[in-house]
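Each chain, letter by letter, is given below.
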Amino acid sequence: MMKGGFEVVHATLDMIQPYHEPIWEFPTTTTVISSIPRQSTVENRCINFDGNELSEWVEQITKQHIDDLSAAAETETGLQAETSMVCEDSFAPSMLGHFRPRKTVRSFLDGSCDDEELQWRNNELEDNQANNGFENGGNGRGLSSLSDDHGLSLITLLLECAVAISVDNLGEAHRMLLELTQMASPYASSCAERVVAYFSKAMSSRVINSWLGICSPLVNYGNVHCAFQAFNNVSPFIKFAHFTSNQAILEAFQRRKMVHIIDLDIMQGLQWPALFHILATRNEGPPTIRMTGMGSSMELVVETGKQLSNFAKRLGLSFEFHPIAKKFGEIDIAMVQVRREETLAIHWLQHSLYDATGPDWKTLRLFEQLAPRVITLVEQDLSHGGSFLDRFVGSLHYYSTMFDSLGAYLPVDDSSRQRIELYLLYREINNTLAIGGPARSGEDKFKSWRSELARNCFVQVPMSSNSMAQAQLILNMFPPAHGYSLVQGDGTLKLGWKDTSLFTASAWTSHASR
Amino acid sequence: MKLSSAKGASPSHNSFHSKRRSRHIVPPFQSPDQLEPWSSVAVDMHNNTNTNNYHHHQLQNIHTSTSLSSDYSGAGEEPCATGDKWASRLLMECARALSDKDSSKIHHLLWMLNELASPYGDCDQKLASYFLQALFCKATDSGQRCYKTLTSAAEKGNSFDSARKLILKFQEVSPWTTFGHVAANGAILEALDGETKLHIIDISNTLCTQWPTLLEALATRNDETPHLKLTVVVTANIVRSVMKEIRQRMEKFARLMGVPFEFNVISGLNHLGELTKEALGVLEDEAVAVNCIGALRRVAVQERGAVIEMFKSLGPKVVTVVEEEADLSNSQHDFVRCFEECLRFYTLYFEMLEESFAPTSNEKLMLERECSRSIVRVLACDDEQDSGGECERRERGRQWSDRLKEAFSLVRFSDDVVDDVKALLRRYRDGWKLTQPLQDETGLYLTWKEEPVVWVSAWKP
């Protein structure tokens, strides 16, 4: 899968050398960033905006629907507790033991109720938002794909199914999923239908894993990396992560002669050639570079290392590469071999494709021990923790937005798009909804790394205007007419689609670093 | 934040260094009827609260570099991307495990299949996905219910337009259905040559796509155009709702062709054997042809003889039968063998679909989903609970011939008809061939990549 050679994307990036040293001076008193915007704040801003995208609408409907159904479920519990649950939709007891539905949400809503409920919600939304695009066949721009009964019924069924899963009514959920998987197509022209097709598949997968009692994943890294590359070609998010982080690292390396970069999940190392290029041609002369690349398989990491070494050699850089085929949170500090004279940068692009780093608390502790000069962190604006329903709502919003962004740019039958949706986005959806959360391990994961870093010996380094400029350059490669939005605030850079932020880039430095 | 007990001796140590890495430590899975602890753990896990019992059930993540198959086959084969039939292997192993009631193995394999399968991926992933569904239904004893849910969902989404579009597109890219149509029409026309009152009894779900060319042939015959009565017997519920539109179109087309035409539909039968001459409206002065496309396989196995006798009682001049070449007639007695045959047939079919349609074709998806319902029906449903012609137990041409020989004798297809079929096949991609077995002369076979897939034959009393 590895293609030989790398391209340096923009020679113009060289121009972004000058920056301001003061960013790197420690203030004499520690500044604590206390109000890092959380996912919910971003969402709230989105809801009030007068847009018609699928993802917004979903956000509304989901919250309403879940509130109603959960309330109903709660009232049901009291009634059902004593009676034996021989719901005809549960699995045969012979095979499943005690998979009895504790609450039967479905019985509360029969067909007629559904329509009334939806109607009521639509009306309420109209009142709240003065937004008249929600009737069947409405005029909403992004909703034309949802304006037919088919689309609406799909989303409704999906939501009900999620609620069923959240209350462990797996028999009912399975039944609904059988329907959904016959009704929604991942090749549809409507992004909404594609999203439903993948979400229902993910939930089916979860139902089976529930029955089996397993949550571990089986990953086909080849497919994942291939899709990752395809995604990099059509969407600015990866490049955004790479180039803004590179800028922050460049700034941290100012006037340093020996540098060491640890990439927590290097994959094919697409990020680094651009940085090497700048380091090789910087005014003060290039530093000696050591890189520790971490990843899922030794073979792949070694190959990446070879490619990077060749590239560095061509640039005349002194370069050493150390592969580690383990998760960062599971290694010993000794494995990393940081030398005293080195300036250390740690880079982490978070994703939900697989668990790249292992236990969070160990990762944090290792960060502290290593005391790097800079940690460049790019997070998905998606909470990985919380209950199933929380993750469902969050990821429905998040991935609907992603699908929208692809759909605005690529034709319906584009095979690249299908590959990305199936091997990348679906993979993440599957993991996010799975038992055990996105890392598929059942461990507690931090809700927000930015808050954790802020709380534990790290100081945020605001992303410079040069980083912003980098991000802008990237976006210029993907015309703004397509709706990407770049926001700078609270020292971070956020890139999203329309009003939903999808990735946040930030930089941090350790108190103890030099 | 700190994990409490997961730091204890984790089973991962054992599994990670064992030679056959794929066969991880399989935790002491309990037999299926003792699954309560499992369900409670599953609940706990997704509440992210209780990690105490967790490590007993965690299987090690697999960190494979290039291929998954090399891990679990142990033979160091090529990566999945080069299509190395990992799905067949896993599925067969799982079928055997089910048959042996080896519950820990069943769980392990179902887990792998669940992780690797996708109905939207490549052939292997699709086969894994649909057969996994059937295996899961079988393991949870929910086959009948699942099948009902699947079919009613499919029926809901069905419309004349979508059904028609599907059939026409399929006929455009593959001769799977048109092969039988052309051969059968040829045999019917020859057998009814010179007759003035024709009555064709069409037992099929082809939405009458077979008949326009026959009508045209009748209209362009040298002698006087005969009167045609077409009685369509519908066996699949999904087709019932669209017959009204079909009637309108057929009547219109016959008018255009100038063929005196009468159209009847019979549906809602529980058993084909219920049909009688009266019910079908067969009159004494009519020349009758019985045309059976994919219909005999929907008859319960023990009733097939009776249905054939019923055909005989109609006094037809010719009986044409088209079926697909697979033997799925008994899953009760030998599940593994039936599973293997089912897998073989659908692997061929899915590969054929993959090569005939565009990758993101919705029509292909619809056909695959249709298969998925059949697969559930054949593998996970009890025949005793069957109601109304949804049986789908295919038999091979030779088997059907043995049955039909009891009441009829074979009619050879004339050279003209064979030529017509060959001309048809030339319109499609490479890979399709016509085979005429000379030894036992049981009809014509359509072969795809040297494998016989569709069989057509003609019979007379």
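Residues numbered from 1 in each chain as written. Chains lettered and ligands numbered in written order. Predicted model: local features only at pLDDT ≥ 70, side-chain atom pairs only at ≥ 80, totals over all residues. Heavy atoms only, no water.

1. As for the overall build of chain A
A count of helices and strands for chain A gives 17 helices and 9 strands. Going through the 514 residues of chain A one by one, you find that 65% of them count as buried. Counted over contacts in chain A with a minimum sequence separation of 6, partners at least 24 positions apart contribute 81%. Of the roughly 18,500 Å² of accessible surface on chain A, 51% is carried by carbon and sulfur atoms. (Helix = DSSP H or I, 4+ residues; strand = E, 2+ residues; numbered from the N terminus. Buried < 20%, exposed > 50% of the residue type's maximum accessible area, 1.4 Å probe, protein only. Contact = heavy atoms within 4.5 Å. Areas by Shrake-Rupley, 256 points an atom, 1.4 Å probe, with all protein chains shown as cover.)

2. Examining the overall build of chain B
Helix and strand counts for chain B stand at 19 helices and 9 strands. Evaluated residue by residue, chain B yields a buried proportion of 56% over its 461 residues. Contacts in chain B between residues at least 24 apart in sequence constitute 74% of all its contacts with a sequence separation of at least 6. A total of about 19,200 Å² of accessible surface is found on chain B, and carbon and sulfur atoms cover 48% of it.

3. Considering the side chain of glutamate 193 of chain A
For glutamate 193 of chain A, the location among the structural elements is in helix H7 (residues 191-212). Here glutamate 193 of chain A sits buried without a salt bridge, and the closest side chain of opposite charge, arginine 369 of chain B, lies 6.5 Å off (N-O distance). Side-chain polar atoms of glutamate 193 of chain A contact the backbone nitrogen of serine 185 of chain A, separated by 3.0 Å. If we ignore the near neighbours within four places in the chain, the residues touching glutamate 193 of chain A are His150, Leu154, Met183, Ala184, Ser185 and Ala188 of chain A. (Lys, Arg positive; Asp, Glu negative; His and termini not counted. Salt bridge = Lys/Arg side-chain N within 4 Å of Asp/Glu carboxyl O. Polar contact = N/O pair within 3.5 Å; in protein donor to acceptor, adjacent residues only side chain to side chain.)

4. Brief notes about the environment of leucine 495 of chain A
Residues and elements named next belong to chain A. As for its position among the elements, leucine 495 is in strand E8 (residues 492-497). Residue leucine 495 is classed as buried on the basis of its relative accessible area, which comes to 1%. Each C-alpha atom, one on leucine 495 and one on alanine 505, is 8.4 Å from the other, the two residues being 10 residues apart in sequence. Aside from chain neighbours lying at most four places away, what touches leucine 495 is Pro236, Phe237, Phe240, Leu475, Tyr484, Ser485, Leu486, Ser501, Leu502 and Phe503.

5. Section: the packing of H7 of chain A against helix H15 (residues 415-433) of chain A
All names here are of chain A. The interhelical angle for the contact between H7 and H15, taken along N-to-C directions, is 45°, at an axis separation of 9 Å. With respect to H15, the element H7 is oriented oblique. Viewed along their axes, H7 and H15 form a crossing whose handedness is right-handed. Contact with H7, carried on its side by Cys191, Arg194, Tyr198, Phe199, Lys201, Ala202, Met203, Ser205 and Arg206, involves Arg417, Gln418, Glu421, Leu422, Tyr426, Ile429, Asn430 and Leu433 of H15 and no other residues of that element. (Axes fitted to C-alpha atoms, helices over the stretch in contact; angles between N-to-C directions. Parallel < 35°, antiparallel > 145°, perpendicular 65-115°, else oblique. Left-handed = near helix turned anticlockwise from the far one by under 90°.)

6. Some thoughts on the packing of helix H6 (residues 170-183) of chain A against helix H17 (residues 362-380) of chain B
Interhelical geometry of H6 of chain A versus H17 of chain B gives an angle of 145° and a closest axis separation of 10 Å. Counted together, Thr181, Gln182 and Met183 of chain A of H6 of chain A and Arg369, Ser372 and Arg373 of chain B of H17 of chain B form the full contact between these two elements. Among the residues making up the contact of H6 of chain A with H17 of chain B, the classes are represented as 1 nonpolar, 3 polar and 2 charged. (Nonpolar A, V, L, I, M, F, W, Y, C, P; charged D, E, K, R; others polar.)

7. Thoughts on the environment of glycine 273 of chain B
Residues and elements named next belong to chain B. Mapped onto the fold, glycine 273 is located in the loop between strand E3 (261-266) and helix H14 (277-280). A sequence separation of 32 residues divides glycine 273 from glycine 305, and the C-alpha atoms of the two residues are 9.5 Å apart. Dropping the residues within four chain positions of it, glycine 273 is found in contact with Val307 and Met310.

8. A look at the environment of threonine 209 of chain B
Residues and elements named next belong to chain B. Relative to the helices and strands, threonine 209 is located in the loop between strand E1 (197-203) and helix H11 (211-219). When the C-alpha atoms of threonine 209 and glutamine 302 are compared, they prove to be 30 Å apart, with 93 residues separating the residues in sequence. Beyond its immediate stretch of four places on either side in the chain, threonine 209 contacts Ile167, Leu168, Gln171 and His181. One polar contact links the side chain of threonine 209 to the main-chain carbonyl oxygen of threonine 206, over a distance of 2.8 Å.

9. Structural notes on helix H19 (residues 415-426) of chain B
All names here are of chain B. Compared with an ideal rise of 1.5 Å per residue, which puts 12 residues at 16 Å, H19 spans 17 Å between its outermost C-alpha atoms and is within 8% of the ideal. Three or more residues of H19 are buried, namely Val417, Val418, Val421, Leu424 and Leu425. One side of H19 holds all its buried residues, which, seen down the axis, span an arc of 120°. For H19, the exposed residues lying more than 90 degrees away from the buried face are Asp415, Asp416 and Arg426. Residues of H19 that are buried make contact with helix H10 (178-191), strand E7 (432-435) and strand E8 (444-448). (Expected span 1.5 Å × (residues − 1). Arc of directions from axis to C-beta.)

10. Observations concerning the confidence of the model for chain B
All names here are of chain B. Of all residues in chain B, 79% have pLDDT values of 70 or greater, and the mean over the chain is 80. When mean pLDDT is compared element by element in chain B, strand E5 (residues 318-324) scores highest at 97, while helix H2 (residues 36-47) scores lowest at 30. Listed scores for the predicted complex are pTM 0.78 and ipTM 0.80. (pLDDT = per-residue confidence, 0-100.)

11. Some points on the confidence of the model for chain A
Residues and elements named next belong to chain A. Here chain A averages 76 in pLDDT, and 70% of its residues register 70 or above. Confidence drops under a pLDDT of 50 for residues 1-52, and excluding neighbours within four residues, the segment shows 101 contacts in the predicted structure. Throughout residues 75-147 the model reports pLDDT below 50, and contacts reaching past four residues in sequence, or to other chains, amount to 120 contacts.

12. Re the pairing of strand E9 (residues 451-460) of chain B
All names here are of chain B. With respect to burial, E9 is a largely interior element, 7 of its 10 residues being buried. Sheet topology places E5 next to E9; 6 bridges connect them, and they run antiparallel. Residue pairing across strands places threonine 320 opposite alanine 458, the latter belonging to E9. Pairing of strand E6 (residues 409-411) with E9 involves 3 bridges; the strand directions are antiparallel. The partner of leucine 410 across the bridge, within E9, is tryptophan 459. The pairing of E8 with E9 spans 5 bridges and is classified as antiparallel. Bridge assignment links tryptophan 448 to a residue of E9, and that residue is glutamate 451. In this antiparallel pair of consecutive strands, E8 and E9, the connection spans 2 residues, and lysine 449 shows a positive phi of 50°. (Pairing = 2+ DSSP bridges.)

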